[in-house]
Amino acid sequence: MRCPKCSCQDDKVIDSRSSREGSTIRRRRECVGCGFRFTTYEEIQSDNIMVVKRDGRRESLNKEKLLGGIVKACEKRPVSRAELDELVATIVQRIVQEFDREIPYQRIGELTMNGLRVLDKVAYVRYASIYRGFEEAADFVEEVEKLESRKNDTATLRLPGI
């Protein structure tokens, strides 16, 4: 690991902890060269899962792209970055559990919308408007009415950890 301050390649691990419910390891490091302390995160690299897009193309599952869409939906909303990271980790964990090689784009959208529905209703509607391609105000009203009808629905499935 290269020191972010002096680029020295020698460091020592001061502390290691499990984080995000055991899906990552947080390591606190100290550079041997300059004494600068920094944190790294280590996570399991899952096999390359391909996303089958609308037009039939296939591309690798990209956590950063998923996070980018969620961040955009949560813009100016009272949602912390830690909550967003946790949602992405939960979605990716579900994908890895359910699929071996390929996942249809619809399933990623469903998992994301389910997570956002729990996290922030406004972000959910924003994401759904792009994902489902809302074209009229009536589409928004219909989705908000669905949210209201589910408010007391005990059968609504929740993502683990949310």
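Everything that follows concerns the structure shown earlier in this document.
We now turn to the structure provided with this report. Bear in mind the structure is a predicted one, so any value in this text is a computation, not a measurement.

Basis of the calculations
- Residues numbered from 1 in each chain as written.
- Predicted model: local features only at pLDDT ≥ 70, side-chain atom pairs only at ≥ 80, totals over all residues.
- Heavy atoms only, no water.
- Disulfide = S-S within 2.5 Å.
- Pairing = 2+ DSSP bridges.
- Helix = DSSP H or I, 4+ residues; strand = E, 2+ residues; numbered from the N terminus.
- Axes fitted to C-alpha atoms, helices over the stretch in contact; angles between N-to-C directions.
- Parallel < 35°, antiparallel > 145°, perpendicular 65-115°, else oblique.
- Left-handed = near helix turned anticlockwise from the far one by under 90°.
- Contact = heavy atoms within 4.5 Å.
- Nonpolar A, V, L, I, M, F, W, Y, C, P; charged D, E, K, R; others polar.
- Phe/Tyr/Trp six-rings, centres within 6.5 Å; stacked < 30°, edge-to-face > 60°.
- Buried < 20%, exposed > 50% of the residue type's maximum accessible area, 1.4 Å probe, protein only.
- Arc of directions from axis to C-beta.
- Polar contact = N/O pair within 3.5 Å; in protein donor to acceptor, adjacent residues only side chain to side chain.

1. Here's the deal with the state of the cysteines
A covalent bond between the sulfur atoms of two cysteines is what we call a disulfide.
Item 1. Counting across every chain of the model gives zero disulfides.
Item 2. Here C3 is not cross-linked by a disulfide; its sulfur's nearest cysteine counterpart is in C6, at 3.8 Å.
Item 3. Here C34 stays unpaired: no disulfide links it, and the sulfur of C6, its closest cysteine neighbor, is 3.7 Å away.

2. Points about the sheet that holds strand β2 (residues 24-31)
Item 1. Spatial strand order, β1-β2-β3: three strands in an open sheet with antiparallel pairing. Each edge of the open sheet is held by one strand with a lone partner, namely β1 (11-19) and β3 (37-43). Across the sheet, the mean angle separating the axes of adjacent strands is 25° when strand polarity is ignored.
Item 2. Bridge count for β1 against β2 is eight bridges, and the pairing is antiparallel.

3. Structural notes on the packing of helix α1 (residues 63-73) against helix α4 (residues 121-131)
Item 1. Packing of α1 against α4 brings their axes to within 8 Å, and their N-to-C directions diverge by 120°. With respect to α4, the axis of α1 lies oblique. Handedness of the α1/α4 crossing: right-handed. Each of G69, K72 and A73 in α1 lies in contact with α4, whose residues at this interface are A123, R126 and Y127.
Item 2. Looking at side-chain class alone, the contact of α1 with α4 contains three nonpolar, one polar and two charged residues.

4. Focus on the pairing of β2
Item 1. Pairing between β2 and β3: seven bridges, direction antiparallel. When the sheet's bridge partners are listed, R28 is paired in β3 with T39.
Item 2. The hairpin turn running from β2 into β3, its antiparallel successor, is five residues long, and G35 in that turn takes a positive phi close to 85°.

5. A look at the packing of aromatic side chains
Item 1. For the structure shown, the criterion picks out one aromatic pair.
Item 2. Between F36 and F38, the aromatic rings sit 6.4 Å apart at their centres with planes inclined by 15°, giving stacked as the arrangement.

6. So, α1
Item 1. Along α1, the residues that are buried comprise L66, L67, I70 and A73. Taken around the axis of α1, the buried residues stretch over an arc of 120°, which confines them to a single face. Along α1, exposed side chains directed more than 90 degrees from the buried face belong to E64 and K72.
Item 2. Each element contacted by the buried residues of α1 is listed here: α2 (81-98), α3 (105-119) and α4.
Item 3. Between a side-chain oxygen at the N-terminus of α1 and the backbone nitrogen of E64 the separation is 2.9 Å; the capping residue is N62.

7. Examining α4
Item 1. Three or more residues of α4 are buried, namely A123, Y124, V125, Y127, A128, S129 and Y131.
Item 2. Of the residues flanking the start of α4, the one acting as N-cap is D120, its side-chain oxygen 3.2 Å from the backbone nitrogen of V122.
Item 3. Looking at the residues trailing α4, positive phi occurs at G133, about 70°.

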